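# Secondary and tertiary structure notes
Each chain, letter by letter, is given below.
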Amino acid sequence: MTWTAVILAAGKGTRMASCKPKALQTLAGRPLIEHILSTLDAASIDEVVVVHSPEAKKDFKDETTARENITYVEQTEALGTAHALKTALPHVTSDNLLVLLGDVPLLSRPTINKLQKEIQKNDLVVLIGVVDNPSGYGRIHKDENGKPMTIIEELDCDDEQRKIKEINSGIMVFKTNVARSLTKKIKPNSKKNEYYLTDAIEIAYHEGLETITHKASEEEVFGINSKRDLAKAEKINRKNIADELMDNGVTVIDPDRIDVRGTLTCGQNVTIDVNTVFIGDVTLGDGVTIAPFTVISNSIIGDETSVHSHSNIEEADIGSKCNIGPFARIRPQTKLEEGARVGNFVETKKTVIGKGSKVNHLTYVGDATIGENTNIGAGTITCNYDGVNKHQTKIGDEVFIGSGVELVAPIEVENGATVAAGSTVSKRVPAEKLTIERSKQKTIDGWKKPTKKGE
Ligand code: UD1
Ligand code: CA
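Below is a summary of the structure that appears in this document.

Cut-offs applied
Residues numbered from 1 in each chain as written. Chains lettered and ligands numbered in written order. Predicted model: local features only at pLDDT ≥ 70, side-chain atom pairs only at ≥ 80, totals over all residues. Heavy atoms only, no water. Helix = DSSP H or I, 4+ residues; strand = E, 2+ residues; numbered from the N terminus. Rg over C-alpha atoms; globule rule 2.2 N^0.38 Å. Buried < 20%, exposed > 50% of the residue type's maximum accessible area, 1.4 Å probe, protein only. Contact = heavy atoms within 4.5 Å. Areas by Shrake-Rupley, 256 points an atom, 1.4 Å probe, with all protein chains shown as cover. Near = heavy atom within 4 Å. Polar contact = N/O pair within 3.5 Å; in protein donor to acceptor, adjacent residues only side chain to side chain. Nonpolar A, V, L, I, M, F, W, Y, C, P; charged D, E, K, R; others polar. Phe/Tyr/Trp six-rings, centres within 6.5 Å; stacked < 30°, edge-to-face > 60°. Lys NZ or Arg CZ within 6 Å of the ring centre and 35° of its normal. Donors = N, O, S within 2.8 Å, 3.2 Å for Na, K, Ca; no water.

### Some details on the overall build of the protein chain
Scanning the protein chain from terminus to terminus reveals eight helices and 35 strands. Taking 23 Å as the expected radius of gyration for a compact globule of 455 residues, we find that the protein chain reaches 31 Å, considerably beyond that expectation. Along the first, second and third principal axes, the C-alpha atoms of the protein chain reach 105 × 60 × 40 Å. For the protein chain, with 455 residues in total, the buried portion stands at 48%. Contacts spanning at least 24 positions in sequence make up 41% of the contacts within the protein chain whose residues lie at least 6 apart. Here the protein chain displays about 22,400 Å² of accessible surface, and carbon together with sulfur accounts for 48% of that area.

### Quick look at the environment of Ala28
Along the chain, Ala28 falls in the loop between β2 (26-27) and β3 (30-31). Taking the relative accessible area as the measure of exposure, Ala28 reaches 5% and is therefore buried. Not counting residues within four places of it along the chain, the set of residues in contact with Ala28 comprises His35, Glu234, Asn237, Val260, Arg261 and Gly262.

### Section: the site of ligand 1
Taken together, 24 residues form the shell around ligand 1, and within it Ala10, Gln75, Gly80, Glu153 and Asn168 come nearest. Between Leu8 and ligand 1, the recorded distance is 2.8 Å, taken from a backbone N or O atom to an oxygen atom. Measuring from an oxygen atom of ligand 1, one finds a side-chain N or O atom of Asn225 at 3.4 Å. For the shell around ligand 1, the secondary-structure elements that each account for two or more residues are β1 (3-9), α3 (81-88) and β10 (166-175). Looking at the shell around ligand 1 residue by residue, the class counts come to ten nonpolar, ten polar and four charged.

### Re the packing of aromatic side chains
According to the stated counting rule, one finds one aromatic pair in the structure shown. An angle of 15° between the planes, with centres 5.2 Å apart, marks the rings of Phe327 and Phe345 as stacked. Of this pair, Phe327 sits in the loop between β22 (323-324) and β23 (328-330) while Phe345 sits in strand β25 (residues 341-353), and the two are 18 residues apart along the sequence. For Phe327, a relative accessible area of 38% corresponds to the partly exposed category. Residue Phe345 is classed as partly exposed on the basis of its relative accessible area, which comes to 49%. When the ring centre of Tyr385 is taken as reference, the NZ or CZ atom of Lys390 above it lies at 5.1 Å.

### Overview of the side chain of Thr348
Summarising the element assignment, Thr348 is placed in strand β25. With residues near it in sequence (within four places) discarded, Thr348 still touches Arg329, Ile330, Arg331, Thr334, Val342, Ile353 and Val365.

### A word on α3
Turning to α3, its buried residues are Ala82, Ala84, Leu85, Thr87 and Ala88. For α3, the secondary structure elements touched by its buried residues are β1, β4 (47-52), β5 (70-74), β6 (96-101), β10 and α6 (176-185).

### Notes on the coordination of the calcium ion (ligand 2)
Protein coordination at the calcium ion (ligand 2): the donors are Asp103 (OD) and Asn225 (OD1), at 2.2 to 2.4 Å from the metal. Taken together, the residues Asp103 in the loop between β6 and α4 (109-118) and Asn225 in the loop between β11 (211-215) and α8 (227-247) connect sequence positions 122 residues apart. Using a relative accessible area of 17% as the deciding quantity, one classes Asn225 as buried.

Written out as structure tokens, the structure is:
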């Protein structure tokens, strides 16, 4: 058995009120179609055909991950879902067909597997849902034996039909030759002048083909037509991810207030507090705690590390037993070794902070390496940029940098050195000595405070 998935994504998406194609709208940080494509990656699908509008060709290629088995096909005019499928069919080489809609992104792999099984005994399987509010969906009309006879679009429903809660997800599975034959017979809908794929069900019924419905959860078949729907889909997706994390033992303080925009992998005994966002690939080790209002992207956080509130961590490699924040900004290529601490209002970039070292308050360290058990005082700055080039700061082990020090790079501070508070150092700082760069403190005797004229 060979399988092609066709994703219909060439509609005008008028209800989205956006210049961006609907299937490229963002859900959990990724385009809708990317959710579908990654679900298909894990399913048994041999080839994928994406039907897009002429204007969107470049956008689709740019905004989705390149995959070898995708063919992009242009539907020159949005003449309806059946027309879109017909445009794709010449590119389909397999004997079975899974038709997906670019705006129904939450379909799961187990459901795809089930549909793939069902088609073995049937000609056509329609994935349906039973929903509280069916408005906007096509309603499933069955005969007395429960066989689907027609799908009636909202516009064509009478008052009774509008009450039907069994809806068409838009997702269908065909034997490919059946799809080829049925789509040829579909005529334009009289009201909208579009070729409706849903008409395939009525034709199949009259031809005596084996058609069945397969039911999935309301959440899985949720169709996104507007920005309101997009926000509802975020909610569904958020709940799915939080449930999965909790099933794997993660303590999620409030499942409504965690956003995972990528892949979050957690060890044991992890706690994630409210209003936290995880972007790209994030790994949290055993016993990690993430405090409120924290954003972490593409980073690894080691065992027993605590990230305190309002911290932002990007492309960093954080060791075990570290303490970060509150209000820390860890920028790309920061590496924290075991037990390092980065405190409030500290920014780091391209920097290694060695084992047990502390950068606790109001500091910028960039293009730097800091050894073990070193203390960087409050308000210290590595002056790494001369306006044209970036330069390195190298700080050794057991160093003490006093408060308010400026380290003008390139510079090296050797092991065990102490730099006095308020110094601006631009030359090598020798080991085990006190280096001080400060003007002498003076007190002016008899100095008078200025006064206002005329006083
Ligand atoms: C469609 C179904 C409806 C179903 C609902 C589920 C039809 C006629 N109606 O309605 O029964 O309940 O989905 O969400 O099929 N598209 C094209 N080319 C076109 C028109 C549409 O590629 O010419 C694509 C769209 O980009 C979209 C998908 O097909 O991804 C569905 O189109 P849309 O206009 O959103 O259909 P609905 O009105 O939601
Ligand atoms: Ca839709």
